[in-house]
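# Observations on chain architecture
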Amino acid sequence: MSDFLAQHPILVVSGIKVVVMMLVMMTALAYLTWFERKVVAHIQSRWGPYRAGPHGLLQPLADGLKFLFKEGVTPAGVDRFAYYLAPFLSLSLALTSIALIPFGPQEIRILGQPTSFGIADLNIGLLFLFAITSLGVYGVVLAGWSSNSKYPLLGGLRSAAQMVSYELALTMSVVGVLLLAGSFNLREVIAAQRGFHWGFLPRWNILASPLPQVLGFFCFFTAAIAETNRLPFDLAEAESELVAGFHTEYSSFKFAMFFLGEYASMITVSCLATILFFGGWLSPFPETRFFVWTHYLPTALLAAAGVWLILDGLRYSTLLGKIVLPVLGLALCGAAALVSRPGLLEFVQGPFWFLGKVLVFLFIYVWVRGTLPRFRYDQLMAVGWKLLLPVSLANVILTSLAMVVGKR
Amino acid sequence: MSAELAVFLVLAALAVAGAVSLIVQRHPIHSALSLIVVMVSLAGLYLLLGAEFISAVQIIVYAGAIMVLFVFVIMLLNAGIEERTNLSRMARYVGLPLGVLLMALLAYAIGRGASSQAPAAAGPAPTKTLAMMLFQDFVFPFELTSILILIAILGALVLAKRES
C-alpha cells in the first residue's frame, strides 16, 4: 500500500477524494429532496414530510429503501441497451461534473500529500463542465426513445430541442465572466473577483467594475434552470400533458437515478452560479480590523442552530425526536466550538461562504418551483431564442466594449 | 510513460470498437451512439496530447450538439431497423483490395513520419496561444468560415420556409 502510494500519489489521493465526495454528495442529494419537499410544502401552507423521524428527517432514507426494494418493471418492446444506459448516463454525468468544483482556497493534506480542495483542478474547468453538461441530454433523449411509448418519446423530443437551444444561451452568458477573468480555470475566475469597491462593496462579477454582469447572471440562471429540466421549464416531464414525460416507463431504482441526477445537476449549477457571479468562497466583508468578527460567523450560526435544535427537541412530541434532535443540536454546538479554534477558523472561512451561497441558490431553485407556473412549449422556445440568446450576445459585446474603454 | 500508454491503448481501442460498431449495428440510434463513443474517445486522445481546448470543444460541438441533432432526427423520423442487403459486385471485388491498399499506405506514411519527425512539444498548450493564432494570424480564413456557416444557416432557413 505504501509502495503504491509512493509511486502513484495522485491516483491514491484522487481515489480517496472521489470516495469521500461520493458519500458526501449522496447524503447531500438525499437531504436536498427533503429540503425541497419541506420548502415547497411551507410555500403551499402544508407541513411536508414529518412522520418518518423527527421533522421527517428519516424520509430520504425511507424513500431510498423503497426505491431499492420496489420491483423494477421493464415494459415490453423496450430497446434494452438504451433503456438501461439512460438512467446510468443521467446520474454518472451529473455526478462527474461535481468533480470539477473547487470548494475552498486552501490546499488540504491527504496521507501527507498536499492536494486541492475539490477533486480536479483543470485549466479548462469551465469548458469541461459545459462539455459534460452537453452530454447530459442523452440520458433524457435515450430514456424517451427507448421506452417504446408515446409520452416518453414526446418528452425526449422536447428535451432534446430545449437543451440544444438553451445550451447556446448558457454558454454565451458566461463569456462576459471569462473576459473579466481571462481564464477557464474556476479558481482563477474566483481569484479575479477579489477586492472591494470603495472599501466595502465586493468586486464580485455581479458587481464587476467595467460592467456588472447582471445581464449575464440573468441569462445564465434562466438557461441553467432550463438545462436542468426544472420548473418552470420542465416541459420534458410536464405531468399535466405527458404523464411523467421521459421517465414515465421507469420504476424503482432506475427512476431514482434520474431523480438523483436532476438534483446533482441542481447542485452543480448552484455551485457554478456562486463561482462565476458571486465570488465563490470570497467573504462579502473586507479583511479589515473592523470586520474581524465576521470570522466567527460560522461558529455563531452553528451554535445558534444547535441551541435551537436542542430547545426544539426538548418540546418535540415524539420520544425519538426528544432524543435525536437534542443530540444533533449538541453535535452542532460541538462543531461550533471546534470551528472557533485558531487553526480551523481560517480554514473554514472559504467553504463556509461557498456553501452558504450555494444554499441560497438551491433555495431559489425550490422557491421558483413553488411559485412559478410552467411555460408553454412555444413560449419556452421564444424565450430561449428571442430573449436569452440576444441578451447574452449583447452582454458579450457590452462587456468587451466596457473593458476596452475602461483600459484606456 | 506507461500510464500514458495504457490510457492511449484504452482510448484507441474504444475508438476503433466504436467505429466498427457504428458500421455493424443495424439500428440507426445504436449507430449514432457508437459514433458518440468514437468522438468522446477522440476527445480523450486530444487531452492526452495536451490539447485541452480542442478536446473540450470536440465534446461540446460534436458529441454534445451535432450528434444530439442526429439522434433527434432519427427519433423524429422513427427510423426502424435497417435490412441487410447483399454487397454489390463492385464492393465485393474492388472494395476489399482497395481497403487493404489504403491501410498499407497509411501504415507506411505513419511509420516513415514517426522515424523522421521530432515529437511535438509535450505539455498543455494554453488556450491563449490558440486564440491568438485564430484571431490574429488566421483571422481571414476564420472569418471566411464563419460567413460560410452563416450562409448555410440562411439557406436552410429559406428552404424550410418555402416548404411550409
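Definitions and cut-offs
- Each chain carries its own residue numbering, running from 1 in the written order of its sequence.
- Chain labels run from A onward and ligand labels from 1 onward, assigned in the order the entries are written.
- pLDDT decides what is reported in this predicted model: residues at 70 or higher carry local features, side-chain atom pairs at 80 or more are listed and counted, and totals for whole chains, interfaces and linings draw on all residues regardless.
- Note: side-chain values were computed over all heavy atoms of the structure, leaving out hydrogens and water.
- Helix and strand definitions here come from DSSP, where helices need a minimum of 4 consecutive H or I residues and strands a minimum of 2 consecutive E residues; each element is numbered from the N-terminal end.
- Only heavy atoms enter the contact rule, under which two residues are in contact if any of them lie within 4.5 Å.
- For helices, the axis comes from a line fit to the C-alpha atoms of the stretch in contact; other axes are also lines fit to C-alpha atoms, and the angle between any two N-to-C directions lies between 0 and 180 degrees.
- Note that the term roughly parallel is reserved for angles under 35 degrees, roughly antiparallel for angles over 145, roughly perpendicular for angles of 65 to 115, and oblique for everything else.
- Crossing handedness follows the turn of the near helix against the far one: under a right angle anticlockwise gives a left-handed crossing, and clockwise gives a right-handed one.
- With a 1 Å grid spanning the protein atoms alone, the term cavity applies to any set of points in which a 1.4 Å probe fits but cannot get out, the term pocket to an open set with protein on both sides within 12 Å along at least five of seven lines, and the term lining residue to any residue with an atom within 4 Å of a point.
- Grid points are joined across faces, edges and corners, and a volume is the space filled by probe spheres set on the points.
- Classification used: nonpolar for Ala, Val, Leu, Ile, Met, Phe, Trp, Tyr, Cys and Pro, charged for Asp, Glu, Lys and Arg, polar for all others including Gly.
- In this description, buried area is defined as the sum, over both parts, of the accessible area (probe of 1.4 Å) that is lost when the two are combined.
- Within this document, salt bridges are pairs made up of a side-chain nitrogen of Lys or Arg and a carboxyl oxygen of Asp or Glu, the two lying within 4 Å of each other.
- Between N or O atoms, a polar contact is any pair within 3.5 Å; within protein, one atom must be a potential hydrogen donor and the other a potential acceptor, and residues adjacent in sequence are included only when both atoms are from side chains.
- Pairing of aromatic side chains here covers Phe, Tyr and the six-membered ring of Trp, requires ring centres within 6.5 Å, and sorts the geometry by plane angle: under 30 degrees stacked, over 60 edge-to-face, intermediate tilted.
- Each residue is placed in one exposure class: buried if its accessible area under a 1.4 Å probe, protein chains only, is under 20% of its type's maximum, exposed if it is over 50%, and partly exposed if it falls in between.

With that settled, consider the side chain of Ser252(A). Among the secondary structure elements, Ser252(A) is positioned in helix α12 (residues 252–277). Not counting chain neighbours up to four residues away, the residues in contact with Ser252(A) comprise Phe67(A), Lys70(A), Glu71(A) and Gly72(A).

Turning next to the packing of helix α6 (residues 137–146) of chain A against helix α7 (residues 150–173) of chain A. Between two packed helices, the angle of one axis relative to the other and the distance separating the axes together describe the packing. Residues and elements named next belong to chain A. α7 packs onto α6 with a crossing angle of 155° between their chain directions and a minimal axis gap of 7 Å. Judged on the interaxial angle alone, α7 and α6 are roughly antiparallel. α7 is crossed by α6, and the crossing has left-handed handedness. In this structure, α6 contributes Val137, Val140, Val141, Ala143, Gly144 and Trp145 to the contact, and α7 contributes Pro152, Leu153, Gly156, Ser159, Ala160 and Met163.

We now examine empty space enclosed by the protein. All names here are of chain A. Inspection of the entire model under this criterion finds one cavity of 30 Å³ or more. Space inside the largest cavity adds up to approximately 40 Å³. In this structure, the largest cavity is lined by Leu100, Pro102, Ala120, Asp121, Leu122, Gly125, Asn185, Leu186 and Arg187. Split into classes, the residues belonging to the lining of the largest cavity amount to five nonpolar, two polar and two charged.

Residue and element names in this part refer to chain A. Examined against the element boundaries, Leu387 turns out to sit in helix α16 (residues 377–407). Along the sequence, Leu387 and Cys219 sit 168 residues apart, while their C-alpha atoms lie 8.9 Å from each other. Excluding its chain neighbours within four sequence positions, the residues that come into contact with Leu387 are Phe218 and Ala382.

Let us look at the interface of chain A and chain B. Facing 23 residues of chain A, the contacting portion of chain B comprises 21 residues. Both sides together, the interface formed by chain A and chain B hides about 2100 Å², and carbon and sulfur atoms give 81% of it. Interface area lost by chain A to chain B is led by Tyr138(A), Trp145(A) and Leu157(A), which between them contribute 28%. The interface formed by chain A and chain B contains zero salt bridges. The interface formed by chain A and chain B contains three residue pairs in polar contact (both at pLDDT 80 or more). A per-element tally of the side of chain A that touches chain B places α7(A) first, with seven residues. In the side of chain A that touches chain B, the residues fall into 18 nonpolar, three polar and two charged.

Attention shifts here to the packing of aromatic side chains. All names here are of chain A. Going through the model one piece at a time under the given rule, you end up with 22 aromatic pairs over all chains. When the centroid spacing of 5.6 Å and the interplanar angle of 80° are considered together, the rings of Phe103 and Phe354 count as edge-to-face. Remark: Phe354 occurs in helix α15 (residues 342–371) and Phe103 occurs in the loop between α4 (80–98) and β1 (107–110); sequence separation between them is 251 residues. For the pair Phe103 and Phe354, one class covers both residues: buried. Centre to centre, the rings of Phe363 and Trp367 are 5.8 Å apart; their planes meet at 35°, and the pair counts as tilted.

Right, let's get into the packing of α12(A) against α15(A). All names here are of chain A. Between α12 and α15, the least distance of the axes is 9 Å, while the angle of their chain directions is 125°. The angle between α12 and α15 falls in the class oblique. For the crossing formed where α12 meets α15, the hand is right-handed. Along the contact surface, α12 presents Met266, Ile267, Val269, Ser270, Cys271, Ala273, Thr274 and Ile275, while α15 presents Phe354, Lys357, Val358, Phe361, Leu362 and Tyr365. Of the residues assigned to the contact of α12 with α15, the class counts are eleven nonpolar, two polar and one charged.

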